[in-house]
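Observations on the three-dimensional arrangement
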Amino acid sequence: MHRAAHQLLDRPVVFEDPLAIAVIGRKAALELKNGSDWHGFAAPALRAFIVARSRYSEDAVADALTRGIAQYVLLGAGLDTYACRTKTNIRIFEVDHPATQAWKRQRLAAAGIALPVNLAFAPLDFERETLETGLACAGFDFTRPAMVAWLGVTPYLTRDAIAATLQFLTSSLARRSELIFDYAEPPDERDPVAKSRFAALAARVAEAGEPFRSFFTAAELHAALHDHGFREWSDLDTAALNTLYYSARDDGLCIGGHGHLIHVRW
């Protein structure tokens, strides 16, 4: 919904995803275009962050292709449309809950969007299966490096679940693999406006059944990466992402809050 809103409401477009409009359906697209905002999808500060992380990740995939990486894993893929838009032959693995993937297939079919031959679904119930099993069953090659995107997920996981995933990636994926994920700093208690906005967002996601569970300071997150054996990463905070994608815009679109996007290599 945020990616669709960006296509409809913002100019210039930072991240092109025309299929997002088709996936959400005509009714939702018309409501967004007409200014109806029942769940905050037209909220520009959050939308700008979601757009930036998608743009950065897909640019990183394009760069990885030039270095010979031929596998792309999306952890918690949701309704991501990269596989249906890319013109490359990179092997794409979408990891998500079976029910979510069934819903995605329905949405794509309803929009008339065909599944590409280089896409493999890895349905995974984390309560019963391991990530290694899910990827192996989908045909992932653990002997070859991969790019992994893990976007919009870590705030909803416990720290133990995040640590387990990081440990799996650094111990099981081939050298020269890369990981991109986002994380959020704790809300700033000194800013009443930001605190109020965060409280509203937290209440909304909790009501949807996915409450926020984990926040990190940059120092905490970097220490965790080091503990798991990672030695090289770049961490883009709000200011860095705004400089990268939202400088000199007439519409004032920019990222708010305290989200980070981190790119890890090993």
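The sections below set out a description of the structure shown in this document. Remember, predicted model here, so these are calculated numbers, not experimental data. (Residues numbered from 1 in each chain as written. Predicted model: local features only at pLDDT ≥ 70, side-chain atom pairs only at ≥ 80, totals over all residues. Heavy atoms only, no water.)

**Let's talk about the pairing of strand S5 (residues 178–184)**
Counted residue by residue, S5 has seven buried out of seven residues, so it is predominantly covered. Residues of S5 alternate between two faces, with Glu178, Ile180, Asp182 and Ala184 on one and Leu179, Phe181 and Tyr183 on the opposite face, all of them buried. Inspection of the sheet shows strand S4 (residues 147–150) paired to S5 by four bridges, in the parallel sense. Residue pairing for S5: Val148 is matched across the bridge by Leu179. In terms of strand pairing, S5 meets strand S7 (residues 259–265) through seven bridges, oriented antiparallel. Bridged to Phe181 within S7 is Ile262. (Buried < 20%, exposed > 50% of the residue type's maximum accessible area, 1.4 Å probe, protein only. Helix = DSSP H or I, 4+ residues; strand = E, 2+ residues; numbered from the N terminus. Pairing = 2+ DSSP bridges.)

**So, the packing of helix H1 (residues 2–9) against helix H3 (residues 26–33)**
One way to put it is that H1 packs onto H3 with a least axis distance of 10 Å and a crossing angle of 55°. Between H1 and H3, the angle falls in the class oblique. Here H1 and H3 pass one another in a crossing that is right-handed. Along the contact surface, H1 presents Ala4, Ala5, Leu8 and Leu9, while H3 presents Ala29, Leu32 and Lys33. (Axes fitted to C-alpha atoms, helices over the stretch in contact; angles between N-to-C directions. Parallel < 35°, antiparallel > 145°, perpendicular 65-115°, else oblique. Left-handed = near helix turned anticlockwise from the far one by under 90°. Contact = heavy atoms within 4.5 Å.)

**Regarding the nonpolar core**
Residues Tyr72, Met147 and Tyr246 are the most contacted members of the largest nonpolar core, which totals 31 residues. When residues of this core are traced back to their parent elements, those giving at least two are helix H4 (44–66), strand S1 (71–75), helix H5 (82–85), strand S3 (119–123), S4 and helix H11 (238–245). Looking at this core element by element, the count peaks at eight residues for H4. In contact with Tyr246, not counting residues within four places along its chain, are Val14, Ala48, Val51, Ala52, Leu241, Leu253, Cys254 and Ile255. One finds Val95, Leu135, Ala138 and Phe230 within the second-largest nonpolar core, a separate group that totals 30 residues. (Core = buried A, V, L, I, M, F, W, Y, C linked by side-chain atoms within 4.5 Å.)

**Here we look at the packing of aromatic side chains**
The way to describe two aromatic rings as a pair is by their centre distance and the angle between their planes. All told, the structure shown has eight aromatic pairs when counted by the stated rule. Measuring from centroid to centroid gives 5.2 Å for Tyr72 and Tyr82, while their planes differ by 85°, and the two rings are edge-to-face. Here Tyr72, found in strand S1, pairs with Tyr82, found in helix H5; they are ten residues apart in sequence, far enough to count as distant. Neither residue differs from the other here; Tyr72 and Tyr82 are each classed as buried. Between the aromatic rings of Tyr156 and Phe212, the centroid separation amounts to 5.3 Å while the plane-to-plane angle is 35°, which identifies the pairing as tilted. You can see Tyr156 sitting in the loop between S4 and helix H8 (159–172) and its partner Phe212 sitting in the loop between helix H9 (192–207) and helix H10 (218–227), a full 56 residues away along the chain. Linked through ring pairs, Phe93, Phe140, Phe142 and Phe168 together constitute an aromatic cluster. (Phe/Tyr/Trp six-rings, centres within 6.5 Å; stacked < 30°, edge-to-face > 60°.)

**What about the side chain of Asp80?**
Take Asp80: it is sitting in the loop between S1 and H5. Buried Asp80, no salt bridge; nearest opposite-charge side chain is Arg3, N-O distance 4.6 Å. A distance of 2.9 Å separates the side chain of Asp80 from the backbone nitrogen of Tyr82, its partner in a polar contact. Setting aside its immediate chain neighbours within four residues, Asp80 contacts Arg3, Leu74, Glu94 and Lys104. (Lys, Arg positive; Asp, Glu negative; His and termini not counted. Salt bridge = Lys/Arg side-chain N within 4 Å of Asp/Glu carboxyl O. Polar contact = N/O pair within 3.5 Å; in protein donor to acceptor, adjacent residues only side chain to side chain.)

**Observations regarding unusual backbone geometry**
Look at the link from Arg11 to Pro12: it is a cis peptide, with omega at 0°. For Pro12, the position within the fold is in the loop between H1 and helix H2 (19–24). With a phi angle near 75°, Arg176 is a residue other than glycine that sits in the positive phi range. You can see Arg176 is positioned in the loop between H8 and S5. Phi at Ala248 takes a positive value of approximately 55°, unusual for a residue other than glycine.

**Here's the deal with the packing of H4 against H11**
Relative orientation of the contacting elements H4 and H11 amounts to 70°, with a least axis distance of 11 Å. Regarding the angle of H4 to H11, the classification is roughly perpendicular. Between H4 and H11, the residues in contact are Phe49, Ala52, Arg55, Tyr56 and Asp59 and Leu241, Leu244 and Tyr245, respectively.

**Quick notes on the side chain of Thr81**
With respect to the helices and strands, Thr81 occurs in the loop between S1 and H5. Take Thr81: its relative accessible area is 1%, and that puts it in the buried class. Polar contacts involving the side chain of Thr81 include one to the side chain of Asp17, which spans 2.6 Å. Of note is the side chain of Thr81, whose polar atom sits 2.8 Å from the side chain of Arg85. Among residues more than four places away in sequence, those in contact with Thr81 are Arg3, Asp17, Leu19, Ala20 and Val23.

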